[in-house]
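The primary structure of each chain is shown beneath.
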Amino acid sequence: MIDFTLTQEQQMLQSTARNFAQTEVKPIVQIIEESSDRSIEPWDFCKRVFHKGFELGFTSLLLPQEYGGKGKKCVDLALVLEEIGAVDVSIASSYFNLTAAMSLFVTRAATREQQKQILSFVKSGKPHLFSAAESEPNIATSDLFCPIPDPKIGMKTFARREGNGYILNGKKSSLVTNAGIANSYFMITRTALDKPLHESLSIFYIPADTPGLKFGTRTEMIGWKPSHHAEILLDNVRVPVENLIGNEGEAARLLVLLPEVAIGLAASYVGLARATYEYALDYAKHRESWGRPIIEHQSVALKLADMMVNTQAARLMVWDAAHTADTDPQLASTIKAPAAKTFAVDVAIKNAQTAIEILGGYGVTKDALTGKFLADATIGYSCDFTRELLRLGLVNFL
């Protein structure tokens, strides 16, 4: 029997996340969104919120208790991220989802010594922000899915073995999440230039203060204003061999162990879709035309009904993917996670577009939140791979 009823503990977690989002996250998002100062550093405001979320256990939610984590399931993380995403999808995705997922990744892919080193921040009580660097300028990130066995295709950042370590050189694109503000980085590089991409990718753990690791200025995007993205330059970055996660050439296989990234992103976008629907619903109840609230006009009512139905469908897809991540990670990684991510983003984009239609002229003003909703939703289209690439990829496993 299928039961979607949340346990009492999950209801409490959901309530805690909602209260956190409304009282802690919402005020700083408003400050960032309303500021016209282009030099403002969002992380200066978000840092305190991230630290508070760390204290509540949101970034260690998936970690087993032996590592100092909460030992929760993926669906629990989805509940938290939906609530934060309903206030701001970029804070949910960039700061909380990425760090929570990469913490879990360490327990699955790293050695015991690496786990002890990388995850020491959990028990020490010191907040730690992660970044994962894949994309490169002028190199399509979709090359990671390319089946052509040509060594010339794909990323060029290279890690050369020298003695008891590696020397890393190259450049990552200006779209790397948390680049320049993270405490440490999971850097994906080539360790062989004469082998196809999927056989030559490796992952290195690099603390932020490592010599030779440099960052560009913050990238401005059409949405996700509270987030921080920047370019990374690796200039003879020396890391010990102990910082290699797994073996050389294993990055592609290891990343399959982490469906939680896409599922968490999808949950964040369900939050955005829900917030957009609730915003339009409230407007429709109070805005009048022809002497009555516009929600009483069928054309508006049908739009709102579609928004609610699609949001609920996206949430159920996320919950199903989250459950599968705990029971069948391979199925979750290849089919359920990419399906949930693409659908949730599609729903968020459609809801934002519909909300603009419902608000009419007000929908295209900066006084309304509809512009923010649409800009934030649109970024999800290509975030963590485009919908077309993900869906073409999952078809291979049907």
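Residues numbered from 1 in each chain as written. Predicted model: local features only at pLDDT ≥ 70, side-chain atom pairs only at ≥ 80, totals over all residues. Heavy atoms only, no water.

- An unreviewed UniProt entry lists the protein under the name Acyl-CoA dehydrogenase family protein, from Scytonema tolypothrichoides VB-61278_2.
- Here the protein is described in UniProt, under the heading Sequence similarities (unreviewed entry), as follows: "Belongs to the acyl-CoA dehydrogenase family."
- The heading Cofactor (unreviewed entry) in the UniProt record of the protein holds the text "FAD". (UniProt positions renumbered as here; feature names shortened; annotations may be inferred.)

**Some points on the overall build of the protein**
Alright, step 1. Counting secondary structure elements, the protein contains 13 helices and 10 strands.
Alright, step 2. Here the protein has a C-alpha radius of gyration of 21 Å; the compact-globule value for 398 residues is 21 Å, and the two agree.
Alright, step 3. Each principal axis of the C-alpha distribution contributes one length, and for the protein these read about 80 × 50 × 45 Å.
Alright, step 4. When the accessible surface of the protein is split by element, carbon and sulfur atoms take 54% of a total near 18,200 Å². (Helix = DSSP H or I, 4+ residues; strand = E, 2+ residues; numbered from the N terminus. Rg over C-alpha atoms; globule rule 2.2 N^0.38 Å. Areas by Shrake-Rupley, 256 points an atom, 1.4 Å probe, with all protein chains shown as cover.)

**Topic: the pairing of strand 3 (residues 165-177)**
Working note: regular strand, side chains alternate between the two faces of the sheet.
Alright, step 1. As defined by bridge partners, strand 2 (residues 158-162) adjoins strand 3 across five bridges and the pair is classed as antiparallel. Looking at strand 3, one finds that Ala 159 is bridged to Leu 168.
Alright, step 2. Connecting strand 2 to the next strand, strand 3, in antiparallel fashion are two residues, including Gly 163 with a positive phi near 60°.
Alright, step 3. As judged from the nine bridges shared by strand 3 and strand 7 (residues 229-240), these two strands associate in the antiparallel manner. Bridge pairing in strand 7 places Gly 170 opposite Leu 234. (Pairing = 2+ DSSP bridges.)

**A word on the packing of aromatic side chains**
Alright, step 1. Overall, the coordinates contain 16 aromatic pairs when judged by the stated rule.
Alright, step 2. Measuring from ring centre to ring centre gives 5.4 Å for Phe 20 and Phe 58, while their planes differ by 70°; the resulting arrangement is edge-to-face. A residue pair is termed long-range when its members are at least 10 positions apart, and Phe 20 in helix 1 (residues 8-34) and Phe 58 in the loop between helix 2 (42-55) and helix 3 (74-85) qualify at 38 residues.
Alright, step 3. Under the relative-accessibility criterion, Phe 20 is labelled buried at 2%.
Alright, step 4. Take Phe 58: its relative accessible area is 1%, and that puts it in the buried class.
Alright, step 5. Between Phe 121 and Phe 130 the ring centres are 5.8 Å apart and the planes differ by 85°, which places this aromatic pair in the edge-to-face class. Exposure class is identical for Phe 121 and Phe 130. Each is buried. (Phe/Tyr/Trp six-rings, centres within 6.5 Å; stacked < 30°, edge-to-face > 60°. Buried < 20%, exposed > 50% of the residue type's maximum accessible area, 1.4 Å probe, protein only.)

**Description of the pattern of salt bridges**
Alright, step 1. Taken as a whole, this structure holds 21 salt bridges when the rule is applied.
Alright, step 2. Residue Glu 136 pairs with Lys 172 through a salt bridge whose shortest N-O separation is 3.1 Å. One end of the pair, Glu 136, is in the loop between strand 1 (130-133) and strand 2; the other, Lys 172, is in strand 3, with 36 residues separating them in the sequence. Residue Glu 136 shares its accessibility class with Lys 172, and that shared class is buried.
Alright, step 3. Of the charged contacts, one joins Asp 320 and Lys 336 as a salt bridge, the two residues approaching to 3.0 Å between their closest N and O atoms. Taken together, the residues span a long stretch of sequence, with Asp 320 in helix 10 (residues 298-327) and Lys 336 in helix 11 (residues 329-359) at a distance of 16 residues.
Alright, step 4. Several salt bridges share partner residues, and in doing so they unite Arg 18, Glu 82, Glu 83, Arg 274, Glu 278 and Arg 315 into one network. (Salt bridge = Lys/Arg side-chain N within 4 Å of Asp/Glu carboxyl O.)

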